[in-house]
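The lines below spell out each chain.
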Amino acid sequence: MNNHHGISPEVEAARQPEHEIHPQFLTRWSPRSFSDQEVTEETLLSLFEAARWAPSGSNLQPWRFIVARTAEERASFHSFIVPANREWCEKAPVLTLLISHKLGHNDALNPAHAFDAGTAWGYLALEAANQGLITHAMGGFERQQAREALQIPDDYELHAVIAIGYRGPKEALAEKFQARELPSGRRQLSESLFAGRFGQPYTLDANQ
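Only a predicted model underlies this, so the values are computations on that prediction, with no experimental measurement involved.

*Asks:* Explanation requested: the sheet that holds strand β2 (residues 94–101) in the structure shown.
*Replies:* Note: strands within a sheet are paired through backbone hydrogen bonds, in either parallel or antiparallel orientation. Spatially, the four strands line up as an open sheet ordered β1-β2-β4-β3, and their pairing is antiparallel. Single-partner strands in this sheet number two, and they are β1 (63–68) and β3 (134–138). Between one strand axis and the next, the sheet turns by 25 degrees as a mean value, whatever way the strands run. Inspection of the sheet shows β2 paired to strand β4 (residues 156–165) by eight bridges, in the antiparallel sense.

*Asks:* Is there a simple way to think about helix α7 (residues 143–150) in this case?
*Replies:* The α-helix winds at 3.6 residues per turn, so residues separated by three or four positions along the chain end up facing the same way. Among all positions in α7, only Ala146, Arg147 and Leu150 are buried. Down the axis of α7, the smallest arc covering the buried residues is 100 degrees, so these residues share one side. At its buried positions, α7 is contacted by β1, α4 (71–78), β2 and β4. Downstream of α7 by one or two residues, Gln151 has phi in the positive range, about 55 degrees.

*Asks:* Just checking my understanding: could you explain the UniProt feature "domain: Nitroreductase" (unreviewed entry) in the chain for this structure?
*Replies:* Under the present numbering, the feature "domain: Nitroreductase" (unreviewed entry) in UniProt falls on residues 27–77 and 85–166. Annotated as residues 27–77, this span is 39% helix and 12% strand, and its ends, taken at the C-alpha atoms, are 28 Å apart. Across residues 85–166, helical content stands at 38% and strand content at 28%; the span's end C-alpha atoms are separated by 17 Å.

*Asks:* I would appreciate a short explanation of the pattern of salt bridges in the present structure.
*Replies:* Close approach of charged atoms allows side chains with opposite charge to pair. Under the counting rule described, the total for this entry stands at four salt bridges. Across the pair Arg167 and Glu10 runs a salt bridge, and its minimum N-O distance is 2.9 Å. Remark: Glu10 occurs in helix α1 (residues 9–14) and Arg167 occurs in the loop between β4 and α8 (175–178); sequence separation between them is 157 residues. Since its relative accessible area comes to 31%, Glu10 is described here as partly exposed. Lys176 serves as the salt-bridge partner of Glu87, at 2.7 Å between the closest nitrogen and oxygen.

*Asks:* Looking at this structure, I do not really get the side chain of Arg74. What am I missing?
*Replies:* Secondary-structure assignment places Arg74 in helix α4. The buried charged residue Arg74 lacks any salt bridge, with Glu38 as its nearest oppositely charged partner at 5.2 Å. If sequence neighbours within four positions are ignored, Arg74 has contacts with Ala68, Arg69, Ala92, Pro93, Val94 and Leu95.

*Asks:* What exactly am I supposed to notice about the layout of surface pockets here?
*Replies:* Gaps between atoms show up when a probe of the same size as a water molecule is rolled over them. Put simply, the largest pocket is a space of about 570 Å³. For the largest pocket, the lining is made up of 18 residues, of which Pro17, Ile21, Leu26, Arg186 and Arg187 are closest to its centre. For the lining of the largest pocket, the residue count by class is seven nonpolar, six polar and five charged. Here the second largest pocket defines a volume of roughly 240 Å³. Elements that contribute at least two residues to the lining of the second largest pocket include exactly α1, α6 (113–130) and β3. Taken together, the residues of the lining of the second largest pocket sort by class into nine nonpolar, five polar and three charged.

Rules behind the numbers
Residues numbered from 1 in each chain as written. Predicted model: local features only at pLDDT ≥ 70, side-chain atom pairs only at ≥ 80, totals over all residues. Heavy atoms only, no water. Pairing = 2+ DSSP bridges. Helix = DSSP H or I, 4+ residues; strand = E, 2+ residues; numbered from the N terminus. Axes fitted to C-alpha atoms, helices over the stretch in contact; angles between N-to-C directions. Buried < 20%, exposed > 50% of the residue type's maximum accessible area, 1.4 Å probe, protein only. Arc of directions from axis to C-beta. Contact = heavy atoms within 4.5 Å. UniProt positions renumbered as here; feature names shortened; annotations may be inferred. Salt bridge = Lys/Arg side-chain N within 4 Å of Asp/Glu carboxyl O. Lys, Arg positive; Asp, Glu negative; His and termini not counted. 1 Å grid on protein atoms, 1.4 Å probe; cavity = no way out; pocket = protein on both sides within 12 Å on 5 of 7 lines; lining within 4 Å. Points joined across faces, edges and corners; volume = space filled by probe spheres on them. Nonpolar A, V, L, I, M, F, W, Y, C, P; charged D, E, K, R; others polar.

If you want it as structure tokens, here you go:
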């Protein structure tokens, strides 16, 4: 495919779409090296504004974000992030924990709460990239410890800690992380797409 405007050689080398899409879906990836540049409140809030407009079942908007910006707040987050992630995320100027309310109307279980929260994270991540920021979501944290430290009620599920900031140089990372500091590829679309039923390959012939 033709090179997309605004895509860096680093991204182009690792990511070649099979069909034409907006470049933002290729340029968003998850670096680990953060600079010490602060994120202004106006810029930060624009990310959560984007997440605010994510779709959700019955418009329940089950997602919530707990944000750590001060040194004290980030230290609280560091206490429950696993060491392998804390090694690189401690330089991030902003951390946020994505959670979702598990209940819907009449306090019945909302089966889509996690699905909808994931969509909100996707919106946030794309807007961060649009703003020149990087994000990296982590599942590696102690959930019960986080629940206690941040006083999260039982009717909320904890999903991911997200590091937010500006990208730093690869060389600032520990050597073991440097080889991984590049955009990841994706499996072929045909491996994820079925026609009509599970396992039935989706081919052009199916629509002709």
